[in-house]
Amino acid sequence: MTAATALVLFAALVAADETVVLEFTTANCPHCRTVEPVVRGLAKQGFPIRQVDGRTQPDLVWQYKIKGFPTFVLVSGGREVSRIEGAASRERLIGLLKPPTTPQPIAKQAQPER
């Protein structure tokens, strides 16, 4: 696959304004098979997860500097935001898509006058 083909494929996977998790996997990866039911369940619930086969799409593996399988890469606005390397729990994958909100600072209460 050429680099141009990989870019066209990537564009089809992730629209510029879309947020998606790219799951880099291979057919013979035991850890990928372990997490597969979790990923499939999240996808059925509407979480935006796209599988990328590392064996058939090596240009994307190279582009994202994937070192092992599975690797989950959160892409938003066409850019990598975060990643999880290795098998991940359902909670961890949901956390990748829905990062915790930053708590708002507590307003200082007025001190009583003395």
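Here, every reference points to the structure presented above.
Report on the accompanying structure.

Cut-offs and rules
- Residues numbered from 1 in each chain as written.
- Predicted model: local features only at pLDDT ≥ 70, side-chain atom pairs only at ≥ 80, totals over all residues.
- Heavy atoms only, no water.
- Pairing = 2+ DSSP bridges.
- Helix = DSSP H or I, 4+ residues; strand = E, 2+ residues; numbered from the N terminus.
- Axes fitted to C-alpha atoms, helices over the stretch in contact; angles between N-to-C directions.
- Contact = heavy atoms within 4.5 Å.
- Buried < 20%, exposed > 50% of the residue type's maximum accessible area, 1.4 Å probe, protein only.
- Right-handed = clockwise from strand over helix to strand, strands pointing away.
- Core = buried A, V, L, I, M, F, W, Y, C linked by side-chain atoms within 4.5 Å.

## Quick notes on the sheet that holds strand β4 (residues 79-85)
Reading across from one edge, β2-β1-β3-β4 is the order of the four strands in this open sheet, with mixed pairing throughout. Looking along the sheet, the strands with just one partner apiece sit at the ends: β2 (49-53) and β4. Each adjacent strand pair in this sheet contributes to an overall mean axis angle of 25°, direction not counted. As defined by bridge partners, strand β1 (residues 19-25) adjoins β2 across five bridges and the pair is classed as parallel. The residue bridging phenylalanine 24 from the neighbouring strand is valine 52, located in β2. On the sheet, helix α4 (residues 90-97) packs against β1, β3 (71-76) and β4 and is oriented at approximately 170° with respect to β4.

## Some thoughts on the pairing of β1
Residues in a regular strand project their side chains so that they alternate between the two faces of the sheet. Within β1, six of the seven residues are buried, which leaves it mostly tucked inside the rest of the structure. Here β1 pairs with β3 via six bridges, running antiparallel. Directly across from valine 21, in β3, lies its bridge partner leucine 74. This β-α-β element, β1 to helix α2 (residues 30-44) to β2, shows right-handed connectivity.

## Considering the nonpolar core
Val21, Phe72 and Leu93 are the most contacted members of the largest nonpolar core, which totals 14 residues. Counting only elements with at least two residues in this core, the list comes to α2, β3 and α4. Of all the elements, α4 adds the most residues to this core, at four residues. Sequence-distant contacts of leucine 93, defined by excluding residues within four places in its chain, comprise Val35, Val38, Val39, Leu42, Phe72, Ile84 and Ala88. Judged by nonpolar contacts, the second largest core, of ten residues, contains Val20, Leu22, Val52 and Val75.

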